Amino acid sequence: MKKLLVFGVGLIGGSLALALKAANKDWHVTGIGRTGDSLQEALALGIIDEAASDPVTALKDVDVVMIATPVAQIASILERIAPHLEENTIVTDAGSTKAEIVEQAHRILGKAASRFVPGHPIAGAEKSGPSAAQATLYQNKKVILTPGARTDPAAIQAIHELWLSTGAIVQQMSPAEHDTVFAAVSHLPHLLAFALVDELAARPDADQFFEFAASGFRDFTRIAGSSPEMWRDISLANRTALLQELDHYQASLARLRQTLEQGNAASLQAIFERASHARNAWAERTQSAQGGN
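Small disclaimer: the values here were computed from a predicted structure and weren't measured.

### Observations regarding the overall build of the chain
A tally of helices and strands in the chain yields 12 helices and nine strands. Expressed along its principal axes, the backbone C-alpha trace of the chain runs to roughly 70 × 40 × 40 Å. Looking at the chain as a whole, 41% of its 293 residues are labelled buried. Of the contacts formed within the chain by residues at least 6 apart in sequence, a portion of 75% connects residues at least 24 apart. Total accessible area on the chain stands at roughly 15,700 Å², and carbon and sulfur atoms take up 53% of it. Charge-centre separation for the chain: the mean point of 25 positive side chains lies 3 Å from the mean point of 32 negative side chains.

### Section: helix α5 (residues 99–109)
Residues Ile101, Val102, Gln104, Ala105, Ile108 and Leu109 constitute the buried set of α5. Here the buried residues of α5 occupy an arc of 165° about the axis, which is enough to place them on one side. A positive backbone phi angle near 65° is found at glycine 110, which sits one or two residues after α5.

### Observations concerning the sheet that holds strand β7 (residues 119–121)
What the three strands build is an open sheet, ordered β7-β8-β9; its pairing is mixed. The two strands at the open ends of the sheet, each matched to only one other strand, are β7 and β9 (169–172). Direction aside, the axes of adjacent strands within the sheet are offset by 20° on average. Bridge count between strand β8 (residues 142–145) and β9: four bridges; the pairing is parallel.

### Some points on helix α11 (residues 239–261)
With 23 residues, α11 should reach 33 Å at 1.5 Å per residue; the first-to-last C-alpha distance of 32 Å fits that figure. Ala241, Leu242, Glu245 and Thr259 are the residues of α11 that are buried. Positioned one or two residues after α11, glycine 263 has a phi angle of 65°, which is positive.

### With respect to the nonpolar core
Membership of the largest hydrophobic core comes to 35 residues, with the highest contact counts inside it found for Leu4, Tyr138 and Trp163. Among the secondary structure elements, those contributing two or more residues to this core are β1 (2–7), α1 (11–23), β2 (27–32), α2 (36–44), β4 (64–67), β8 and α6 (153–164). Here this core takes six residues from α1, the largest share from any one element. Apart from residues lying up to four places away in sequence, leucine 4 is in contact with Ala17, Leu20, Trp27, His28, Val29, Thr30, Val64 and Met66. In terms of nonpolar packing, the next biggest core, distinct from the first, is built from 27 residues, Ile32, Val62, Ile101 and Ala105 among them.

### Details of unusual backbone geometry
Positive phi, normally seen in glycine, also occurs at aspartate 61, with a value near 60°. Taking relative accessible area as the criterion, aspartate 61 reaches 45% and is therefore assigned partly exposed.

### Observations regarding the side chain of histidine 178
With respect to the helices, strands and loops of the structure, histidine 178 is situated in helix α7 (residues 175–201). Dropping the residues within four chain positions of it, histidine 178 is found in contact with Ser96, Thr97, Lys98, His120, Ile144, Thr146 and Met173.

### A closer look at the sheet that holds strand β3 (residues 50–51)
As summarised here, the arrangement of the six strands in space is β3-β2-β1-β4-β5-β6, forming an open sheet in which the pairing is parallel. On the outer flanks of this sheet lie β3 and β6 (116–117), each paired with one strand and no other. Those strands touched by helix α4 (residues 74–81) are β1, β4 and β5 (90–93), and its axis lies near 155° from that of β4.

Reading the values: rules and limits
- Residues numbered from 1 in each chain as written.
- Predicted model: local features only at pLDDT ≥ 70, side-chain atom pairs only at ≥ 80, totals over all residues.
- Heavy atoms only, no water.
- Helix = DSSP H or I, 4+ residues; strand = E, 2+ residues; numbered from the N terminus.
- Buried < 20%, exposed > 50% of the residue type's maximum accessible area, 1.4 Å probe, protein only.
- Contact = heavy atoms within 4.5 Å.
- Areas by Shrake-Rupley, 256 points an atom, 1.4 Å probe, with all protein chains shown as cover.
- Lys, Arg positive; Asp, Glu negative; His and termini not counted.
- Charge placed at Lys NZ, Arg CZ, Asp CG, Glu CD.
- Arc of directions from axis to C-beta.
- Pairing = 2+ DSSP bridges.
- Axes fitted to C-alpha atoms, helices over the stretch in contact; angles between N-to-C directions.
- Expected span 1.5 Å × (residues − 1).
- Core = buried A, V, L, I, M, F, W, Y, C linked by side-chain atoms within 4.5 Å.

In short, the description is geometric, and any link to function would need to be established separately.
Laid out in structure tokens, this is it:
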């Protein structure tokens, strides 16, 4: 029997548990969470096999620890488990930022840091909690691992195979490269969506705007329905790279504003055409890659 201990049995951690159970019934999953209600719900849904409140006893004979909580909680969890990790236990996470987490793990775990394999599944939804978990969430989705030079190759291989068994496409990059890329393509879009909805909602006539908002507004702001706590933590953890991306975006907006102010139809169309071509080419590549897996 393989034993998995999950901190955070919501969408990400719960979906991993379900996917592993679907791939191999020998997995035994123990869940630890901040609220008893979530653990009981996860038990009722068959996501976990048992609930625990004490990580000391829960860590006994565990093969893999998955920390699937908001990134701001990861350091404190590492501190709780560090003195009690068994020699062969591998620790991984699902945080959306990596450089800060890797630094924390090396500082907190000591020798056990060689068995910490940082990861980031590129999958999710606006809903959270155990009821949002699904066994197919990771199929044909990318999972990024960001191990360092001192990470045990056997631990990397074990987590690589764990994610492969869920149907995921596993890739590796450095923590710094990861944070730079995802500041641009994930964290910034969330900030923009939250900012737009917040700005409109603060207007005295906000109800009128929302009454007439249609599919374009819905598509652009969909991710503003995500967990505020989670995105607060991600934004702060990756603030250096995110601030740089905000600067790039504000410069682009300034150029766009100047073009619009000048009534320059040719320049405006050129911007739209470049963006449309790049977006459609990306969508076609993505669809082709998913269809081929």
